[in-house]
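Spelled out, the chains give:
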Amino acid sequence: MKPSLNWLLIFVPSALVLRFWPGLANPAALFICSGLAIIPVAGWIGHATEALAARVGEGLGGLLNATFGNAAELIIAGIALSKGLTGVVKASITGSIIGNILLVLGFSILLGGAKHKEQRFNKTGARTSVISLSLAAIALVIPTVFHLSAAASRDGWSPVVERQLSLGIAIVLFLTYICMLAFSLKTHKHFFVSAEGELEEKSEHWSRGKAILILVIATAVVAVLSEFLVGTIESVRTTFGITEVFVGVIVVAIVGNAAEHSTAVVMAMKNKMDLSVGIAIGSSLQIALFVAPLLVFLSWLFGRPMDLEFSLPEILAMVASVYILFQISGDGETNWIEGVQLLSVYLILGILFYCLPEVAEGTPTPKKEAETPALGSY
Amino acid sequence: MKPSLNWLLIFVPSALVLRFWPGLANPAALFICSGLAIIPVAGWIGHATEALAARVGEGLGGLLNATFGNAAELIIAGIALSKGLTGVVKASITGSIIGNILLVLGFSILLGGAKHKEQRFNKTGARTSVISLSLAAIALVIPTVFHLSAAASRDGWSPVVERQLSLGIAIVLFLTYICMLAFSLKTHKHFFVSAEGELEEKSEHWSRGKAILILVIATAVVAVLSEFLVGTIESVRTTFGITEVFVGVIVVAIVGNAAEHSTAVVMAMKNKMDLSVGIAIGSSLQIALFVAPLLVFLSWLFGRPMDLEFSLPEILAMVASVYILFQISGDGETNWIEGVQLLSVYLILGILFYCLPEVAEGTPTPKKEAETPALGSY
Amino acid sequence: MKPSLNWLLIFVPSALVLRFWPGLANPAALFICSGLAIIPVAGWIGHATEALAARVGEGLGGLLNATFGNAAELIIAGIALSKGLTGVVKASITGSIIGNILLVLGFSILLGGAKHKEQRFNKTGARTSVISLSLAAIALVIPTVFHLSAAASRDGWSPVVERQLSLGIAIVLFLTYICMLAFSLKTHKHFFVSAEGELEEKSEHWSRGKAILILVIATAVVAVLSEFLVGTIESVRTTFGITEVFVGVIVVAIVGNAAEHSTAVVMAMKNKMDLSVGIAIGSSLQIALFVAPLLVFLSWLFGRPMDLEFSLPEILAMVASVYILFQISGDGETNWIEGVQLLSVYLILGILFYCLPEVAEGTPTPKKEAETPALGSY
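**Student:** Tell me about the overall build of chain A, and name the residues and values.
**Tutor:** Looking only at helices and strands, chain A has 15 helices and two strands in total. On C-alpha atoms alone, chain A measures out to a radius of gyration of 21 Å, which is about the 21 Å that the 2.2 N^0.38 rule sets for 378 residues. With the C-alpha coordinates of chain A rotated into their principal frame, the extents come out at 60 × 55 × 40 Å. Considering only residue pairs separated by 6 or more positions, chain A has 84% of its internal contacts joining residues 24 or more positions apart. Of the charged side chains in chain A, 23 are positive and 26 negative; the average position of the first set lies 5 Å away from that of the second.

**Student:** Break down a nonpolar patch on the surface for me, with residues and values.
**Tutor:** Residue and element names in this part refer to chain A. Among the surface-exposed residues, Leu16, Phe20 and Val224 lie close enough to one another that they form a single nonpolar patch of about 280 Å² accessible area. Topologically, Val224 is positioned in helix 9 (residues 208-231). Given a relative accessible area of 39%, Val224 falls into the partly exposed group.

**Student:** So, helix 9 (residues 208-231) of chain C: which residues are in play, and what are the values?
**Tutor:** Between its terminal C-alpha atoms helix 9 of chain C stretches 34 Å, which fits the 34 Å expected from 24 residues at 1.5 Å a residue. By the burial criterion, the buried members of helix 9 of chain C are Ala211, Ile214, Leu215, Ala218, Val222, Leu225, Ser226, Phe228, Leu229 and Val230 of chain C.

**Student:** Describe the confidence of the model for chain A, with residues and values.
**Tutor:** Residue and element names in this part refer to chain A. Taken as a whole, chain A shows an average pLDDT of 85; of its residues, 90% reach a score of 70 or greater. Across residues 361-378, confidence stays below pLDDT 50; counting only partners more than four residues off in sequence or on other chains, it has 52 contacts. The ipTM, which scores confidence in the relative placement of chains, is 0.89 for this predicted complex, and the corresponding pTM is 0.90.

**Student:** Let's hear about helix 11 (residues 244-269) of chain B: which residues, and what values?
**Tutor:** Residues three or four positions apart in an α-helix share a direction because the helix packs 3.6 residues into each turn. Residue and element names in this part refer to chain B. For helix 11, which comprises 26 residues, the first-to-last C-alpha distance of 35 Å matches the rise-based estimate of 38 Å (1.5 Å per residue) to within 8%. At Ala258, helix 11 is deflected by roughly 60 degrees, the largest bend along its length. Among the 26 residues of helix 11, 23 are classified as buried, and the element is accordingly described as predominantly covered. Of the residues flanking the end of helix 11, it is Asn271, one or two places downstream, whose phi is positive at about 65 degrees.

**Student:** Give me the nonpolar core: which residues, what numbers.
**Tutor:** In a soluble, globular protein the nonpolar side chains are often hidden away together inside. Among the nonpolar cores identified, the biggest contains 401 residues, and Leu173 and Leu295 of chain A, Leu173 and Leu295 of chain B together with Leu173 and Leu295 of chain C are the most heavily contacted of them. Contacts of Leu295 of chain C, omitting those with residues within four sequence positions, involve Leu74, Ala77, Gly78, Leu81, Val89, Ile93 and Met306 of chain C.

**Student:** Give a detailed account of the pattern of salt bridges, specifying residues and quantitative values.
**Tutor:** All told, the structure shown has 18 salt bridges over all chains when counted by the stated rule. The salt bridge partner of Glu234 of chain A is Arg237 of chain A, with a shortest N-O separation of 3.3 Å. Taken together, the positions of Glu234 of chain A and Arg237 of chain A, both in helix 10 (residues 233-240) and three residues apart, correspond to about one turn of that helix. A salt bridge links Asp307 of chain B to Lys90 of chain B, with the nearest nitrogen and oxygen atoms 2.8 Å apart. Of this pair, Asp307 of chain B sits in the loop between helix 12 (273-301) and helix 13 (312-329) while Lys90 of chain B sits in helix 5 (residues 86-115), and the two are 217 residues apart along the sequence. Lys90 of chain B sits in the buried class, given a relative accessible area of 11%. The structure contains a network of salt bridges with shared partners spanning Glu234, Arg237 and Glu244 of chain A.

**Student:** Give me the lowdown on the packing of aromatic side chains, citing residues and values where you can.
**Tutor:** The geometry of an aromatic ring pair is captured by two quantities: the separation of the ring centres and the angle between the planes. In this structure the tally under the stated criterion is 30 aromatic pairs over all chains. Here the aromatic rings of Tyr323 of chain A and Tyr323 of chain B are separated by 6.0 Å at their centres, their planes lie at 55 degrees, and the arrangement is tilted. Note that Tyr323 of chain A is positioned in helix 13 (residues 312-329) and Tyr323 of chain B in helix 13, a pairing that runs across two chains. Across the pair, Tyr323 of chain B and Tyr323 of chain A agree in class, each one buried.

**Student:** Give me the lowdown on unusual backbone geometry, citing residues and values where you can.
**Tutor:** Keep in mind that most residues, glycine aside, have a negative phi and that most peptide bonds are trans. All names here are of chain A. Within the chain, Asn271 stands out as a residue other than glycine whose phi angle is a positive 65 degrees. As for its placement among the helices and strands, Asn271 is situated in the loop between helix 11 (244-269) and helix 12 (273-301). Residue class for Asn271 comes out partly exposed when judged on its relative accessible area of 37%.

**Student:** Tell me what's going on with the packing of helix 6 (residues 123-150) of chain C against helix 7 (residues 159-187) of chain C, and back it up with residues and numbers.
**Tutor:** Residues and elements named next belong to chain C. Two elements in contact, helix 6 and helix 7, have axes whose closest approach is 10 Å; the angle formed by their N-to-C orientations is 175 degrees. Relative to helix 7, the element helix 6 lies roughly antiparallel. Residue-level contacts link Thr128, Ser129, Ser132, Leu135, Ala136, Ala139, Leu140, Ile142, Pro143, Phe146 and His147 of helix 6 to Val161, Glu162, Leu165, Ser166, Ile169, Leu173, Thr176, Met180 and Phe183 of helix 7. Of the residues that constitute the contact of helix 6 with helix 7, the class distribution is 13 nonpolar, six polar and one charged.

**Student:** Go over the environment of Glu50 of chain A, please, and point to the residues and values.
**Tutor:** Structurally, Glu50 of chain A can be placed in helix 2 (residues 27-55). Once the C-alpha coordinates of Glu50 of chain A and Val161 of chain A are considered, the two residues, 111 residues apart in sequence, prove to be 41 Å apart.

**Student:** An account of the environment of Leu181 of chain C is requested, with residue identities and associated values reported.
**Tutor:** Residue and element names in this part refer to chain C. Following the sequence through the fold, Leu181 ends up in helix 7. Taking the C-alpha atoms as reference, Leu181 lies 8.0 Å from Ala66; in sequence the two are 115 residues apart. For Leu181, the contacting residues outside a window of four places in its chain are Leu63, Ala66 and Lys186.

**Student:** Give a detailed account of the packing of helix 2 (residues 27-55) of chain C against helix 10 (residues 233-240) of chain C, specifying residues and quantitative values.
**Tutor:** Residues and elements named next belong to chain C. One can describe the packing of helix 2 onto helix 10 by two numbers: an axis separation of 9 Å at closest approach and a directional angle of 115 degrees. On the basis of the axis angle, helix 2 is roughly perpendicular to helix 10. Relative to helix 10, helix 2 is oriented so that their crossing is left-handed. From helix 2, Pro27, Ala28, Phe31 and Ile32 reach across to helix 10, where they touch Ile233, Ser235, Val236, Thr239 and Phe240. Residues of the contact of helix 2 with helix 10, tallied by class, amount to seven nonpolar, two polar and no charged.

**Student:** Explain the side chain of Thr49 of chain A to me, using residue names and the numbers behind them.
**Tutor:** All names here are of chain A. With respect to the helices and strands, Thr49 occurs in helix 2. The exposure class assigned to Thr49 is buried, which follows from its relative accessible area of 2%. Setting aside residues no more than four positions away along its own chain, Thr49 makes contact with Leu64, Asn65, Phe68 and Leu215.

**Student:** Quick rundown of the environment of Met273 of chain B? Include the residues and the values.
**Tutor:** Residues and elements named next belong to chain B. By the element assignment, Met273 lies in helix 12. The sequence separation of Met273 and Phe121 amounts to 152 residues, and the corresponding C-alpha distance is 5.5 Å. Sequence-distant contacts of Met273, that is, excluding residues within four places in its chain, are made with Ser108, Ile109, Gln119, Arg120, Phe121, Ala268 and Thr334.

Rules used in this analysis
- The residue numbering used here restarts from 1 in each chain and proceeds along that chain's sequence as written.
- To read the labels, note that chains go from A and ligands from 1, taken in the order they are written.
- For this predicted model, a pLDDT threshold of at least 70 governs which residues receive local features, and a threshold of 80 or more governs which side-chain atom pairs are given and counted, while totals over whole chains, interfaces and linings are taken from all residues.
- Just so you know, side-chain values use all the structure's heavy atoms and leave hydrogens and water out.
- A helix here means a DSSP run of H or I that spans at least four residues, while a strand means a run of E at least two residues long, and both kinds are numbered starting from the N terminus.
- Just to be clear, the radius of gyration here is over C-alpha atoms, and the globule rule we use is 2.2 Å times residues to the power 0.38.
- In what follows, residue pairs with any heavy atoms lying within 4.5 Å of each other are defined as contacts.
- For the charge count, each Lys or Arg is scored as positive and each Asp or Glu as negative, with His and the chain ends excluded.
- Taken as the charge centre is NZ of Lys, CZ of Arg, CG of Asp or CD of Glu, depending on the residue.
- Only residues whose relative accessible area exceeds 30% and that take part in no salt bridge are eligible for patches, with like-charged residues grouped when within 9 Å of each other and nonpolar side chains (Val, Leu, Ile, Met, Phe, Trp, Tyr) grouped when within 5 Å.
- The Shrake-Rupley method, run with a 1.4 Å probe sphere, supplies the accessible areas, and residue values consider only the shown protein chains as cover.
- Salt bridges are identified by distance alone: a Lys or Arg side-chain nitrogen within 4 Å of an Asp or Glu carboxyl oxygen.
- A 1.4 Å probe rolled over the protein chains alone gives each residue an accessible area, and that area as a share of the maximum for its type sets the label: buried under 20%, exposed over 50%, partly exposed in between.
- One fewer than the residue count of a helix, multiplied by 1.5 Å, yields its expected span.
- The predictor's confidence in any single residue is recorded as pLDDT, a number from 0 to 100.
- The angle between axes fitted to the seven-residue stretch ending at a residue and the seven-residue stretch beginning at it gives the bend at that residue.
- Nonpolar core, defined: a set of buried Ala, Val, Leu, Ile, Met, Phe, Trp, Tyr and Cys residues in which side-chain atoms within 4.5 Å join the residues together.
- When the centres of two rings from Phe, Tyr and Trp lie within 6.5 Å, Trp using its six-membered ring, the rings pair. Their planes under 30 degrees apart give stacked, over 60 give edge-to-face, and anything left gives tilted.
- Only the contacting stretch of a helix is used when fitting its axis, a line to C-alpha atoms as for every element, and angles between N-to-C directions run 0 to 180 degrees.
- Here the word oblique covers every angle except those under 35 degrees (roughly parallel), over 145 (roughly antiparallel) and from 65 to 115 (roughly perpendicular).
- Each residue gets one label: Ala, Val, Leu, Ile, Met, Phe, Trp, Tyr, Cys and Pro are nonpolar, Asp, Glu, Lys and Arg are charged, and the others, such as Gly, are polar.
- With the far helix as reference, a near helix turned anticlockwise by less than a right angle produces a left-handed crossing, and one turned clockwise produces a right-handed crossing.

Set out below in C-alpha cells:
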C-alpha cells in the first residue's frame, strides 16, 4: 500500500561495518549510512506500533500511536541530549516541526494536487490541531523573549531562572497534550474519525507478541544507529563545511520523518487527504507538545537541565510554518499551488539555515557582542 | 442570574479600617483588601450603567455601555498615571487585554464546553471586533519599533518625538473606536443584535435617578479603593518579591475584570455563547481602542505625557493573545479544548511575567546596555 | 468608465520646462511635477497593456498584464537602483505593497461600503494570492534575521553571503510567481474568471500596432520622468525635512499606484468587488513576487548586487499589512468598517515613517552602536 523503503535496510549492516571494522573509520560515510539506515527501521517502529494499537483496543491504541509515533526523533534527540549537544536537540525539534508542516505536507499537497484538481479534508479536526501548534509556537518564543528582556533588567538574566521557566512551559505544553488526547480520542473523536478508520485498515496483522518483539528490536536498532549518527555530527560539520544547526534542522529532521513522509504522500495521491493532513499535522503536534517537553524532563533527569531558548532563525521558522499552515488548512480544500507555497517557504528557510555561520558556543563573550549590531540598527 | 459577588463588599470597610486606623498600617493586607473590595463595586458600576442604558434608549444606551464598561480599569490606571507609575499603567492595559481574551474567554469556553458539547456564536460580529483588536496590537507595537529604529539613526532617538508619535497613534485608535461604535450601534447593528437583546433583559430595573446615584457612589468608592491599591504596589513588590509588571499584568487585570469574568462564565454555562464572547472581546476592544488612548490624552492633560512604548514581553503577550483569539473565533463554534488552549497561553504568559526580573527604572544606562546581549546573539 | 486623470498630463511639459529651462532649477517643484506627471502616463501604460492583452489571446494576454501591470514602479525603482539608492528601492517596494493593500483596498472598501451595505467577492482566488503574499512577507524578513543572527556568530556577518542569500530568495520568489501564473491563467483560472471577464470588457479597442506604439512611448516618458523624480529626492529631503524612507514608502508608492487606485475605487463603487480586490491584491503580489526579485536580478547585472534586507519598520509594515489583509479577505465579504480598519493601519504606519529620523548611511559605525539600546532593554 505504500512504497517499501526496506531496501534501505542494507545500510544497517553497512553502518555497523563502518563503525567497527578496524581501519574503516570514515565519519562522513558512517553519518550518511546511519542516517539512511534509520529510515526503514523507523518505519518498522511505526508498523509495529500500529499493529499493537489495533490489538489493544481503541483508547489505548490511540495513546500508543500518539506516544510512539515519533520514536525515532525522540531517540535521536535523546542521545544528542545525553552528549550535551543541546544545540542539535533544539535544531532537530525545529526541523521536525517545520519538516512535517512544510516538506511532508507540501509534497503531499503538490503531488496529490497533480493528480486531483481539488482535494478536501475535514477542517474541524485540523483547526484544533493547528491552534495547538500556534500555542506551542508562542510557548517556544517565550524563553528567548525572557532572555532579551531579563538581560536588560536591574538584576540581569539568570540561566537558572530561564531553565525553571522552560520547565514550567514544558509542563503546560505536556498537560495541553494530554487534554488534546482526551479531546481527540474521547470527547470529540468524531472530528478525527475518518482518518482513524483508514489508519487501522492499513496496519499489519501481527500478533501482539510479534508486534512487541519487533517494536523492541527496531527501537534498539534505531538507538544504536542514532548513537552513530549523533557521534559523527562533529566530523561532518568539518568535512562538509555545514553547521550544527543545518544538520539538526534539515538532515536529522528529514531522516527522522522519512517514514511519515512516504505514507503521507502516497495517501495524498490516493486522494485520502484526511489521512495525509492528519499525519503531517499530527506529527508536528506530537513533536511540539510531547517530544519537546519530554526532552526537557529528560534533561532534568540527566542532571543537565536544558532550556527551551531557540535562536531567532529557529523561532522565525517555527512561527512562519505554523502561520502558513493555518492559512492553508483553513478552508478544508487543497490544490497544487498550496503545495508549491509550502515548499517555497521550506526552500527559503533551508537557504537561510545553509547560509548561517556557526553559532558561537555558549554565551557570547562581551567582545563578540561589541561587534554585534543591535536590533536598533534596523 | 449571575453569582453574587456582593459578599466581597465586606472588604470595603476592611480596607478603610486598614488604611485609617492608627497602628494598623499593613500595606500588603491593604493591597489585598482593596483589590478584593473593588470587585463587587466594579460590578455595581456595571449594573448601574446597564440600568441607565436601558432607560435612555438604544443608541445612547449602547454608548453608555461602551464608555463605562471598563470604568474600574480606567480609574485604577488613571490613579497610577497621576502618580507617574506609567509602568503600572501600561502593564494594566496589557493585563486587561490578555485577561479578557485568555482568562475570561478561556474559562467561559472551558466551563461552557464542559456542559455543552458544541457551542455556537455569531462569527460576523466577532470577526469585526477581532480585526480591530489586531489593528490595536499593530499600533501598540509601533512605538517600540520606533525606539529601536530611531536609536540607530544619525540623529538618535528622541523621547519627545516618541510621545508625539504615541499621541498620533492614540488619536487614530480613538477615531477607529468611534467608527466601531457607529458600525455596531448604527449601520450594522444586526451583526450584534442577539447579544444586545440578552444584555438588556438581564439588566436591573432601576429608575434613572437611582441608576445615576449608584453609578456616582460606586465610581467614587472604586476611586478611593484604587488609590489604596496603587499606593501600596511599591510595598507589595518588596514584601512578596514580585515585580511591578506582574502586579499590573496579572493582579490589577484580574481585579478590574472580575465582574465581566463572572458574567461571561455564567452566560457560557447557559449556552448563551454570543453574550459570553461579546463581553470578553468587547471588553478587550474597549481597553485597546478607548481606555488606552484616553489614558494618553489624560497624561498630556496632567502635563506628564505618556508614550505607548510597551516592553517586549507585553508586546508578545498582546500579539499572541489577539492571534489565538482570531484562530479560535474564526469558525463561530467553540468546544472545551479551545478553552484549554486559551488558558494554556495565559498560564505560559503568567509564568513569563512571574519569572521576569524587575525592569531597570527609566532609560537603561549605557553601562547596563553594555552587558546586554543584542538580539544579534540569537 | 473610470475618472480620467489625463488632465495631469499638463505636468509632463511642466516637468520638462523645469528641468531644462535655464534659470528655473527648482528641485522641489521638479519633484512634485514629475510625480504628478507619472500618474496619467502610468495609466496609459496600463491601457495599452490591456488593449494589447485583449488582442493576443487569453494566455499571453494574462502574462502581459501580469508583467507590465507595475511597469511604472519597476521603472522608478530601476532608475533609483542604477543610481545606487538601494534605500529608496527597498522603501518603494515596501510602499507599493502596503499602499495597494491598505490605501487602495481601504478606500475601495470604504467608498464601496458607503454605497452598498455589504459587498461580496470570490474568496477562493483571493485566498491563494494572500497566502503567496504571506510567503513573500516571510521571505523578506529573512535577510534581516540573517544579519542579526550571523553578526553574533564566530565568523561574523558577511555582506557577500547576505547578497547571495537574497539572490536565492529572489529566485524562489520568482519561481513561485511563475507557478502562480500557471495556476491563475491555466490550471485553476475558474477561481479568477469573473475578474478577467470584466477587465477585458473595459479595455480600449486599439489595434495591436497602436497599442504597442503607445506602450513604448508611455514607457519612455515614465522613464524620463522617473529620472527627474529620483534625481531630486536628495534635495527634497533637505527642503521638506522628510527622510528618504518616507519619500520611498509614501510618496513614490502613491505616485506609482495612482492609476490602479482610481480603477479599484470606481469598481468598488459599482459593486464589482471582485475586480477591486483583484487589482489591489494582484498588484501587491506582483510587486512582491515579480518586481522585487527582478530588481535583485537587475542589481547583479548592474554589477552592484542589492540585498533584500529591509529595516525593522518596513518589515513591520509589510507583515502587518499582509496579516490584516488575510483577516479582512477571509470571509469574502466587505463592509465600510473594514475599509476604515485598513486605512487606520495605513495612517498609523504613515505616522511611524514620518516620525522616523534619517537612517545612518551604510553599516552603522561601532560608536553609534554603543549608543544603541539593544532589544534586550525592552
